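# Chains, contacts and geometry: an overview
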Amino acid sequence: MNEETFKKCVYVVLFLLIAIFFTKDINFFGPKFYRDVTEIEDSKELTVLVNKNYKLKEDYIPPDLEQISLDYATDEKYMRREAKEAFEHLSEDARQMGYQIIATSTYRSYDYQEKLYDYYVQMKGQDYADSCSARPGHSEHQTGLAVDVMGSNQDYDLFEQSIEFNWMKENSHKYGFILRYPSRKEKITGFKYEPWHYRYVGREVATIIYKNNWTLEEYKEQ
Ligand SMILES: [Zn+2]
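The present account deals with the structure reproduced in this document. Only a predicted model underlies this, so the values are computations on that prediction, with no experimental measurement involved. (Residues numbered from 1 in each chain as written. Predicted model: local features only at pLDDT ≥ 70, side-chain atom pairs only at ≥ 80, totals over all residues.)

For the protein chain, the helix and strand inventory stands at eight helices and eight strands. By principal-axis analysis of the C-alpha atoms, the protein chain measures approximately 80 × 40 × 40 Å. Looking at the protein chain residue by residue over its 222 residues, the buried ones come to 34%. For the protein chain, long-range pairs separated by at least 24 residues make up 57% of all intrachain contacts whose partners lie at least 6 apart in sequence. (Helix = DSSP H or I, 4+ residues; strand = E, 2+ residues; numbered from the N terminus. Buried ≥ 20, exposed ≤ 12 C-beta atoms within 10 Å, placed from the backbone. Contact = placed C-beta atoms within 7 Å.)

Written out as structure tokens, the structure reads:
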């Protein structure tokens, strides 16, 4: 190899390294978030997948919403009957062991989500809104099967630092709940790590997901 060819090779390698560096965070092969969007037909299914590619209809309201006992919620909060009963059971058992697991956000309507998302857009723009909130129809809070919880440190945002977090992580599947947005799974779920957000899928499915360390997306792909 003469000197000229060698130099060219070095330039090519440098160029490739720089290109890799700038594109490493771009997910070429994964789902294109908010691009290929499918409207969900069977929204009532307990394992329904709602994310940035599967959207609930604007008029979808879960059929069997019931209010969670105020013993286990910050105020008037609703979930679908089965999820509500499972959550109360979980929260009661936790209480017997000296933990406090309280629902801070559960069912949210399409309209509410739209207002919430728009608020973030107005405040800091669309990229910011997308980083911390789901667009309307894309929030699983609309299913009535999701719950944001807080522990005895009284702040859902700091749930990971509460004494309840580990208990919840290791036991919630026994009641049918999964940690829906785990850390290091952002490229699959499309959402950043949310230690406070749990989703009801039923005990059997929750246990499978827990044991395999999957997300709901990975479970649905099987
Ligand atoms: Zn949530």
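Read on, since the account is not over.
Another aspect to go through is the sheet that holds strand β7 (residues 177-181). Spatially, β5-β6-β8-β7 is the arrangement adopted by the four strands of the open sheet, whose pairing is antiparallel. With partners counted over all chains shown, the strands left at the sheet margins are β5 (102-105) and β7, one partner each. With strand direction ignored, the average angle separating the axes of adjacent strands in the sheet is 50°. Pairing geometry for strand β6 (residues 146-150) and strand β8 (residues 194-200), over three bridges, is antiparallel. Following the sheet pairing, V147 is matched in β8 by Y198. (Pairing = 2+ DSSP bridges. Axes fitted to C-alpha atoms, helices over the stretch in contact; angles between N-to-C directions.)

Here the phi dihedral of Q154 falls at roughly 65°; this positive angle occurs in a residue that is not glycine. Its location among the elements puts Q154 in the loop between β6 and α5 (164-171). Non-glycine residue N213 carries a positive phi angle of around 60°. Mapping N213 onto the fold places it in the loop between α7 (203-212) and α8 (216-221). Assessed through the 9 C-beta atoms surrounding it within 10 Å, N213 is described here as exposed.

This next bit is on the nonpolar core. The biggest cluster of nonpolar side chains holds 34 residues, and the ones touching the most others in it are F87, A103, V149 and I178. No other element matches the five residues that helix α2 (residues 81-96) contributes to this core. Those residues in contact with V149 that lie beyond four places of it in its chain are I101, I102, A103, T104, Y156, F159, M168, W196 and Y198. With five residues, the next largest nonpolar core counts V48, V50, L56 and Y60 among its residues. (Core = buried A, V, L, I, M, F, W, Y, C linked by C-beta atoms within 7 Å.)

Our next topic: the environment of N51. Relative to the helices and strands, N51 is located in the loop between β1 (38-39) and β2 (54-55). With sequence-adjacent residues up to four places away left out, N51 is seen in contact with H138, T189, G190 and E217.

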